[in-house]
Amino acid sequence: MLRRSLGSLRSFSSKCKSEPQTASKSSNTIRKEANLVGHIAAFPEIYPDFLQSPVWNRRNALKEELERRDMLERRMNIDIPEFYVGSIVAVTSSDSNLGAKEHRFVGICIRREKEGLHHQFTLRNTIEGIGVEIMYDLYNPTIKKIETLKLEKRLDSDLSYLIDALPEYSTFDFHMEPLAHPAGTPIPINETKVKLKPAPWTRRWEIFGCAGIEDSWSGATPWFKRKLQKTKVNDYEKYDLVAAYREGSTLEHEVAVQKQIQKFENERHAAGLTRRRILRSAAAAK
Amino acid sequence: MLRSLVTGISSSPAPEWAANRLLVATCISNTQQRGRRRTLTPVPWLPPINEPAHSNSVPLNDTTKKLLEKVIEREGTRFGEELDNSKAAITDIGESTRRVGLVVRKIGMLPQWTTNGTRILCTVLEVVENNVVSVTSPEDWYKMSAIGKRKAFNRNGPMWKVTVGSINDDPTKYSVGYRRQFNRAGIPIKQKLGCFLVTEDALPQTGQSLDARHFVVGQYITATGKTIDWGFQGGMHRWGMRGQPTRRTTKSHRRIGSVGSVGDARIWPGKRMPGHMGYEWVTVSGLEVIRINNDKQVIYVKGSVPGDIGETILLKDCVQEEKKLKKGPLPTWIPSLETISEESEEEAAAEGTIPKELLHNETFSPKIFRFTSPSIVFTDADAKRAAGRDKTKAKIAKVKK
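Residues numbered from 1 in each chain as written. Chains lettered and ligands numbered in written order. Predicted model: local features only at pLDDT ≥ 70, side-chain atom pairs only at ≥ 80, totals over all residues.

Chain B carries the name Large ribosomal subunit protein uL3m in an unreviewed UniProt entry, which gives Caenorhabditis angaria as its organism. In the Sequence similarities (unreviewed entry) part of its UniProt record, chain B is described as follows: "Belongs to the universal ribosomal protein uL3 family." (UniProt positions renumbered as here; feature names shortened; annotations may be inferred.)

An unreviewed UniProt entry lists chain A under the name Large ribosomal subunit protein bL19m, from Caenorhabditis angaria. Within the UniProt record for chain A, the comment given under Subcellular location (unreviewed entry) is "Mitochondrion".

(A) Spatial organisation of the confidence of the model for chain B. All names here are of chain B. Here chain B averages 84 in pLDDT, and 84% of its residues register 70 or above. Within the model, pLDDT remains below 50 along residues 1-31, and this stretch shows 36 contacts once partners closer than five positions in the same chain are excluded. Across the assembled chains, the prediction reports ipTM 0.88 with pTM 0.85. (pLDDT = per-residue confidence, 0-100. Contact = placed C-beta atoms within 7 Å.)

(B) Main features of the sheet that holds strand β9 (residues 209-210) of chain B. Residue and element names in this part refer to chain B. Reading across the sheet, the four strands line up as β8-β7-β4-β9 and stay open at both edges, with antiparallel pairing between neighbours. The open sheet has two free edges, formed respectively by β8 (190-198) and β9, since each of these has just one partner strand. Judged from the two bridges that link them, strand β4 (residues 130-136) and β9 form a sheet pairing that is antiparallel. Within the sheet, the bridge partner assigned to asparagine 130 lies in β9 and is leucine 210. Across the sheet, helix α7 (residues 176-185) lies against β4, β7 (160-168) and β8, angled at about 95 degrees from β4, the strand it touches most. (Pairing = 2+ DSSP bridges. Helix = DSSP H or I, 4+ residues; strand = E, 2+ residues; numbered from the N terminus. Axes fitted to C-alpha atoms, helices over the stretch in contact; angles between N-to-C directions.)

(C) Structural context of helix α4 (residues 61-77) of chain A. Taking 1.5 Å per residue as the helical rise, α4 of chain A with its 17 residues ought to reach 24 Å, and the 25 Å between its terminal C-alpha atoms agrees with that figure. Within the sequence span of α4 of chain A, burial applies to Lys63, Glu64, Leu66, Glu67, Met71, Arg74 and Arg75 of chain A. Contact partners of the buried residues in α4 of chain A: β2 (102-113), β3 (119-127), β13 (281-293) and β14 (298-302) of chain B. (Expected span 1.5 Å × (residues − 1). Buried ≥ 20, exposed ≤ 12 C-beta atoms within 10 Å, placed from the backbone.)

(D) Spatial organisation of the interface of chain B and chain A. Counting residues at the interface gives 41 residues for chain B and 34 residues for chain A. The leading source of residues in the side of chain B that touches chain A is β2 of chain B, at five residues. The class makeup of the residues in the side of chain B that touches chain A is 22 nonpolar, nine polar and ten charged. (Nonpolar A, V, L, I, M, F, W, Y, C, P; charged D, E, K, R; others polar.)

(E) Layout of the packing of α4 of chain A against helix α8 (residues 251-270) of chain A. Residues and elements named next belong to chain A. Where α4 meets α8, the closest approach of the two axes is 11 Å, and the angle between their N-to-C directions is 45 degrees. As far as their axial angle goes, α8 and α4 are oblique. You can see that α4 and α8 cross each other, and the crossing is right-handed. Within the contact between the two elements, α4 uses Arg68, Leu72 and Met76 and α8 uses Val257, Gln260, Ile261, Phe264 and Arg268. In the contact of α4 with α8, the residues fall into five nonpolar, one polar and two charged. (Parallel < 35°, antiparallel > 145°, perpendicular 65-115°, else oblique. Left-handed = near helix turned anticlockwise from the far one by under 90°.)

(F) Here's a closer look at unusual backbone geometry. Across the junction of alanine 199 of chain A and proline 200 of chain A, the peptide omega takes the value 5 degrees, indicating a cis bond. Mapped onto the elements of the fold, proline 200 of chain A is located in the loop between β5 (143-150) and α5 (216-219). With an omega of -5 degrees, the peptide bond between leucine 330 of chain B and proline 331 of chain B qualifies as cis. Checked against the element boundaries, proline 331 of chain B lands in the loop between β16 (327-330) and α9 (342-351). Positive phi is not limited to glycine here, since glutamate 128 of chain A has a value of about 50 degrees. Relative to the assigned elements, glutamate 128 of chain A resides in the loop between β3 (120-127) and β4 (130-137). Phi angles above zero are rare outside glycine, and aspartate 215 of chain A is one such case at about 50 degrees. Checked against the element boundaries, aspartate 215 of chain A lands in the loop between β5 and α5. Classification of aspartate 215 of chain A as exposed rests on a count of 11 C-beta atoms within 10 Å.

(G) The sheet that holds β3 of chain A, seen in detail. Residues and elements named next belong to chain A. Within the open sheet, the five strands sit side by side as β4-β3-β2-β1-β5. Their pairing is antiparallel. Bordering the open sheet on either side are β4 and β5, each of which pairs with just one other strand. Taking each pair of neighbouring strands and ignoring which way they run, the sheet shows an average axis angle of 35 degrees.

(H) Looking closely at the nonpolar core. Within the largest apolar cluster, 51 residues are counted, with the highest numbers of intra-cluster contacts made by Leu125, Val164, Ile221, Ile299 and Val301 of chain B. Sequence-distant contacts of valine 164 of chain B, defined by excluding residues within four places in its chain, comprise Val100, Leu102, Val103, Asn130, Val132, Val133, Gly194, Phe196 and Leu210 of chain B. Met71, Leu117, Tyr161 and Leu162 of chain A belong to the second largest nonpolar core, which has 27 residues in total. (Core = buried A, V, L, I, M, F, W, Y, C linked by C-beta atoms within 7 Å.)

(I) Here's a closer look at the environment of serine 166 of chain B. All names here are of chain B. Looking at the element boundaries, serine 166 is found in strand β7. Separated by 21 residues in the primary sequence, serine 166 and isoleucine 187 place their C-alpha atoms 11 Å from one another. Once residues lying within four places of it in the same chain are set aside, the contact partners of serine 166 are Val103, Val128, Glu129, Asn130, Lys190 and Lys192.

(J) Molecular detail of the environment of asparagine 293 of chain B. Relative to the assigned elements, asparagine 293 of chain B resides in strand β13. Classification of asparagine 293 of chain B by C-beta neighbours within 10 Å gives buried; the count is 21. Put simply, asparagine 293 of chain B and alanine 212 of chain B are 81 residues apart on the chain and 8.1 Å apart in space, counted from C-alpha to C-alpha. With residues up to four places along the chain from it excluded, the contact list for asparagine 293 of chain B reads Leu66 of chain A together with Val298, His360 and Glu362 of chain B.

As structure tokens, then:
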């Protein structure tokens, strides 16, 4: 109480009305701190679940801290490997109604979305000629094991268009041997360009400008081609710096989270509970 | 500002805030119609809460500043005075007993999982510095206010009005009238206030601090708050109307359509139309408390609660017949009650190997999955049983042994 009232008095004594504790640090100090912590450059890609919500109203320091504690606790019990959109991933989850009590699914990761405990990823594969997509909650405790069979990226950060692509682009062998990624080498980018099935498609891929589609324009129906001029073409979005700031993550946040992860790891290692490391990067490994 | 602060302290027999309010209420209350869905103007008969801005802009010299510091310090001196806690206990709660509630802040929504793997979306509520501001007896309340006339002696018997404040704030922002009620209770100035109806057997003491453990994990609660303010919205969003076809329609895709053409061919009051949506008081009852973080004073409630993130919400015990609280801290939780729940802590310590210092002090509902435990593995016992006999096979009589 006393501290509170004294804190409120600070506004009388100093000329500046803003509170220096809450103000953002200068970019130089953050960069120095990032070097000290050993900041992973690809942090937002490897840990999209540790980013802040793009809806600013939903950002709350306390809630995020509690959420991150839960996430780290879970990561101590299950090994969540590094994987990207475009990697081939196998997930083993327990299911009470199956005879084997567990289910393994292999597929290409086509989407990673949402932040925190809400984080989801979608795997896609073609089974007996039928495209199957399974959405997993990353922190669902029924997931027993996540394996990255092939660590690679594609040209896009969202492969939702595979649903309209020829089935051979999303067919993967369930008995695929995992391919080891040599530590310290950059993540390979698979530059496959996908051929789409004839239109109609689920979405108008010709206007999204996906790099991984081969000639989406000629596949589009004349109706939509004629409509292009009437549609909002979001070409200007890449110049919208404010939108990029609002939706992207800041170095300050990344460094703070990385510190929390490291502190958590060190505590658990010191207590002799586990030797698992949460903070890893295949490209930055030595 | 300064003058008002000093008078607030020195002149104790100043005109009563409550009496003042009654006086003004009798004069003005007829001019404004209250009790509508939402009221966007402050109540005219209550004194202003915030100190007018110009009084803060007066430059202060050093001696004045020091005096002001002293005054503010003295305002909070009674805080932490010993309260008589001999009555507090974890006991059975009677049918007619109504406990106080808490004034909480909604800080977000998180998924949690049950031990059988189902996902539950929870609302996370933070209990910020809750204190009892005042306790008004039903007689006083009846005399004092129009609301008291309606609520002090209701069908559930006489009800005390307990005002709870939350979130400490800078006293210089507020007017004398507003600050006086906190000075009387000897607690710091609060940003948010909420009132609860309480029976005599569950009366807390003035100035008492309230804890998140006032609620028990597994109990059901009622949440009251103002819904999200959507502003002026059309009929499709506000009332869920269907709108009109997308094709072969011009400029009427989202309009409500024909109105008042049946019978008397007029529009009756209450016709659903576009207008202001949200920012109404809404109560949701029967929400289960699933997890409580005692260190951070955070309550996880199953389901959603009215209002946007960051809004203030009133939480109280659910009064639905089957969802009433049977046993809990009465009148409220105090630190000395902690020893009673030691058994469950021992159990928790036995099952997990993680030392206590590394974890928050938390209470979980038994059906909630703890992230410290390993992944869920099912056995044959967990599989869903077939509802009846397998009708594809012939019926065979059981042989008795």
